[in-house]
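Structural overview for review
One-letter residues, chain by chain:
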Amino acid sequence: MCSILGVPTVTYKLTRHAGARVSGDPALRTKSYQQFLAKHRKLFEAHPVQYADFVYAHALRSFRQQPMIGFSALIHAARLAPRRTLRRTVRRVRASLFSRARREKSM
């Protein structure tokens, strides 16, 4: 079962372990992301807006450690749902600029 379908049943459980985490290893995260896309390609293609949201979320996670991969994912999301991706990106940039301006004023 896959949570992307919105099934009201828990199908994933986060556990602690001693080994490397996918989220902490940029190369492993990229490989895992590609495998996930390949496995669920037909489902994503049937739901392009949700696909764009997933790719956009990956872009945000990737920017800090892998800016080029993050930028590539952002372009991919924009190709899938241009208006939605642009709107989300503009909101995020605007919020970031306003919060930075507020911090500078308070100093």
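Note that the structure is a prediction, hence the values are computed from the model and not measured.

**Details of a nonpolar patch on the surface**
Together, Leu60, Phe63, Phe71 and Ile75 give the surface a local cluster of nonpolar side chains, amounting to about 310 Å² of exposed area. Of all the elements in the fold, those that place two or more residues in the nonpolar patch are helix 3 (48–63) and helix 4 (67–80). Residue position: Ile75 is located in helix 4.

**As for the packing of aromatic side chains**
For any pair of aromatic rings, geometry is given as the distance between the ring centres together with the angle between the planes. Within this structure, the stated rule accounts for five aromatic pairs. Plain terms: the ring middles of Tyr33 and Phe54 are 5.9 Å apart, the flat faces sit at 15° to each other, and that makes the pair stacked. Placement of the pair is Tyr33 in helix 1 (residues 26–39) and Phe54 in helix 3, with a sequence separation of 21 residues. The exposure class of Tyr33 is buried, given its relative accessible area of 8%. Given the relative accessible area of 23%, Phe54 is considered partly exposed. Aromatic rings pair up to connect Tyr33, Phe36, Phe44, Tyr51 and Phe54 into one cluster.

**Looking at the environment of Tyr56**
Within the secondary structure, Tyr56 sits in helix 3. A sequence separation of 32 residues divides Tyr56 from Arg88, and the C-alpha atoms of the two residues are 9.0 Å apart.

**Quick look at the packing of helix 3 against helix 5 (residues 82–106)**
Axis separation between helix 3 and helix 5 bottoms out at 10 Å; the angle between their running directions is 35°. Crossing angle aside, the handedness with which helix 3 passes helix 5 is right-handed. Residue-level inspection shows Val49, Ala52, Asp53, Tyr56 and Leu60 of helix 3 in contact with helix 5, the latter providing Arg84, Thr85, Arg88, Thr89 and Arg92. The class makeup of the residues in the contact of helix 3 with helix 5 is four nonpolar, two polar and four charged.

**Considering the side chain of Gln66**
Here Gln66 lies in the loop between helix 3 and helix 4. The class for Gln66 is buried, based on a relative accessible area of 14%. Non-local contacts of Gln66, meaning those with residues more than four positions away in its chain, are made with Pro26, Ala27, Arg29 and Thr30.

**Brief notes about the side chain of Thr85**
Here Thr85 shows up in helix 5. Excluding its chain neighbours within four sequence positions, the residues that come into contact with Thr85 are Ala52, Tyr56, Leu74, Ala77 and Ala78.

The rules behind the values
- Residues numbered from 1 in each chain as written.
- Predicted model: local features only at pLDDT ≥ 70, side-chain atom pairs only at ≥ 80, totals over all residues.
- Heavy atoms only, no water.
- Patch = residues over 30% accessible without salt bridge, like charges linked within 9 Å, V, L, I, M, F, W, Y side chains within 5 Å.
- Areas by Shrake-Rupley, 256 points an atom, 1.4 Å probe, with all protein chains shown as cover.
- Salt bridge = Lys/Arg side-chain N within 4 Å of Asp/Glu carboxyl O.
- Helix = DSSP H or I, 4+ residues; strand = E, 2+ residues; numbered from the N terminus.
- Phe/Tyr/Trp six-rings, centres within 6.5 Å; stacked < 30°, edge-to-face > 60°.
- Buried < 20%, exposed > 50% of the residue type's maximum accessible area, 1.4 Å probe, protein only.
- Axes fitted to C-alpha atoms, helices over the stretch in contact; angles between N-to-C directions.
- Left-handed = near helix turned anticlockwise from the far one by under 90°.
- Contact = heavy atoms within 4.5 Å.
- Nonpolar A, V, L, I, M, F, W, Y, C, P; charged D, E, K, R; others polar.

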